[in-house]
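# A closer look at the structure
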Amino acid sequence: MEPITQGSDEWLALRAGKVTASNADKVMMAKTTAGYQGYLTQLSLERIFGRPVETFKSKAMERGTELEDTARMRYMLETRNNVDEAFFVPHPDIMAGASPDGYVGTEGLVEFKCPLAHNHYHVLKNGTVPNTYKWQVAMQQWITGRQWTDFVSFSDEFPPNAALAIIRVERDEEMIADLEDKVVRFLEEVERTVQFIQEYKAK
């Protein structure tokens, strides 16, 4: 099968109904939260419809996507690392997968974020990966088998010395084991939801 470019219609269709790394944080939420329930509904409907369900994309998210190429170039200049293009990687046994932003060498990944200015500042200040993205990084490592990730935050609004932050995240087997368990349980709940819809009869 030919590699499928991220963001394309084919890429969206390939991900439909699967737990993906970019939504791993929702799987790790409490079951009663809106994030968990919303993602459960989304995947269940994608299984029923056989296609992606539209989700909201803000202007900030669109701007972040537009800046990713610049972030990639800045990262390569700063680290002298080559970044090889990555595509959607499905798990061989369960309905899950990941789309890393790139491969670095034989053991590394890179994940680019181009957040709003105040969020980039917090990455600079704290020197840690924001909680929103920790599980995304872990799931990408789990699915690809890679050993580390360079998490990159970039903002073109900051002065050149502070526009780029790079945080190395080493593979954490305990974290990955916890994630794998939660993903499997989540997928079981998706199956039950799909069965409920398929078997529903109006009273």
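Above: the structure in question.
Sequence order as written defines the numbering, with residues in each chain counted from 1. Local features in this predicted model are restricted to residues of pLDDT 70 or higher, and side-chain atom pairs are both shown and tallied only at a pLDDT of 80 or more, whereas totals for entire chains, interfaces and linings draw on every residue. Heavy atoms throughout the structure, all of them, feed into the side-chain values; hydrogens and water do not.

So, on to the sheet that holds strand 5 (residues 108-113). One open sheet holds the four strands; their spatial order is 4-5-6-7, and the pairing between them is mixed. If you trace the sheet from one side to the other, it starts and ends with strand 4 (102-104) and strand 7 (164-170), each paired once. Going across the sheet, the axis of each strand differs from the next one's by a mean of 30°, ignoring polarity. Two strands pair if DSSP finds at least two bridges between them. In this text, helices come from DSSP runs of H or I with a minimum length of four residues, and strands from runs of E with a minimum of two, each type numbered from the N-terminal end. As paired elements, strand 6 (residues 148-154) and strand 7 share seven bridges and run antiparallel to each other. Paired with V152 across the bridge in strand 7 is I166. Contacts: residue pairs with any heavy atoms within 4.5 Å of one another. Axis definition: a line fitted to C-alpha atoms, limited for helices to the stretch in contact. Angles are taken between N-to-C directions and run from 0 to 180 degrees. Helix 5 (residues 117-126) rests against strand 6 and strand 7 of the sheet, and its axis sits at about 60° to strand 7.

Exposure above 30% relative accessible area and the lack of any salt bridge qualify a residue for a patch; like charges then connect within 9 Å, and the nonpolar side chains Val, Leu, Ile, Met, Phe, Trp and Tyr within 5 Å. The protein chains shown are the only cover counted for residues, whose accessible areas, like all others here, come from Shrake-Rupley with a 1.4 Å probe. Here a salt bridge means any side-chain nitrogen of Lys or Arg lying within 4 Å of a carboxyl oxygen belonging to Asp or Glu. A contiguous nonpolar surface patch, about 330 Å² in accessible area, is contributed by F196, I197 and Y200. Locating I197 in the fold gives a position in helix 7 (residues 173-199). When a residue's accessible area, from a 1.4 Å probe over protein chains only, is under 20% of the maximum for its type it is buried; when over 50% it is exposed; and in between it is partly exposed. I197 sits in the partly exposed class, given a relative accessible area of 35%.

For the rest of this paragraph, the subject is unusual backbone geometry. Even without a glycine there, the phi angle at R80 is positive, about 65°. Counting through the fold element by element, R80 comes out in the loop between helix 4 (59-79) and strand 2 (89-90).

Glancing now at the packing of aromatic side chains. Only Phe, Tyr and Trp rings are paired, with Trp represented by its six-membered ring, and only when their centres lie within 6.5 Å; those with planes under 30 degrees apart are stacked, over 60 edge-to-face, the remainder tilted. All chains considered together, the criterion is met by five aromatic pairs. Centroid distance Y36 to F186: 5.1 Å. Interplanar angle 85°. Geometry classified as edge-to-face. With a gap of 150 residues between them, Y36 in helix 3 (residues 34-49) and F186 in helix 7 connect regions that are remote in the sequence. Since its relative accessible area comes to 3%, Y36 is described here as buried. Accessibility expressed as a relative area gives 0% for F186, which makes it buried. The interplanar angle of 35° and the centroid separation of 5.8 Å between the aromatic rings of Y133 and F151 together place this pair among those described as tilted.

Now for the pairing of strand 6. Consecutive residues of a regular strand have side chains that alternate between opposite faces of the sheet. In terms of burial, strand 6 is largely enclosed, as seven of its seven residues are buried. Bridge count between strand 5 and strand 6: six bridges; the pairing is parallel. Residue pairing in the sheet places F112 in a bridge with V152 of strand 6.

On to the sheet that holds strand 3 (residues 96-98). Read from one edge of the open sheet, three strands run 1-3-2, paired in mixed fashion. Looking at the sheet topology across the chains shown, the edges are occupied by strand 1 (19-20) and strand 2. Across two bridges, the pairing between strand 2 and strand 3 is antiparallel. By the bridge assignment, P90 is partnered in strand 3 with G97.

Further remarks concern the pairing of strand 5. Burial runs high along strand 5: six of the six residues are buried. Across the two faces of strand 5 the burial is the same, with G108, V110 and F112 and L109, E111 and K113 all buried. For strand 4 and strand 5, the ladder comprises three bridges, and the chain directions are antiparallel. When the bridges of strand 5 are listed, V104 appears paired with G108.

With that settled, the discussion passes to the packing of helix 6 (residues 131-144) against helix 7. As a packed pair, helix 6 and helix 7 sit with axes 10 Å apart at the nearest point and diverge in direction by 90°. One finds that helix 6 runs roughly perpendicular with respect to helix 7. On helix 7, the residues that touch K134, W135, A138, M139, Q141 and W142 of helix 6 are M175, I176, D178, L179, E180 and V183. Across the contact of helix 6 with helix 7, the residue classes break down as eight nonpolar, one polar and three charged. These descriptions rest on fixed angle ranges, namely under 35 degrees for roughly parallel, over 145 for roughly antiparallel, 65 to 115 for roughly perpendicular, and the rest for oblique. Gly is placed with the polar residues, together with every amino acid not listed as nonpolar (Ala, Val, Leu, Ile, Met, Phe, Trp, Tyr, Cys and Pro) or charged (Asp, Glu, Lys and Arg).

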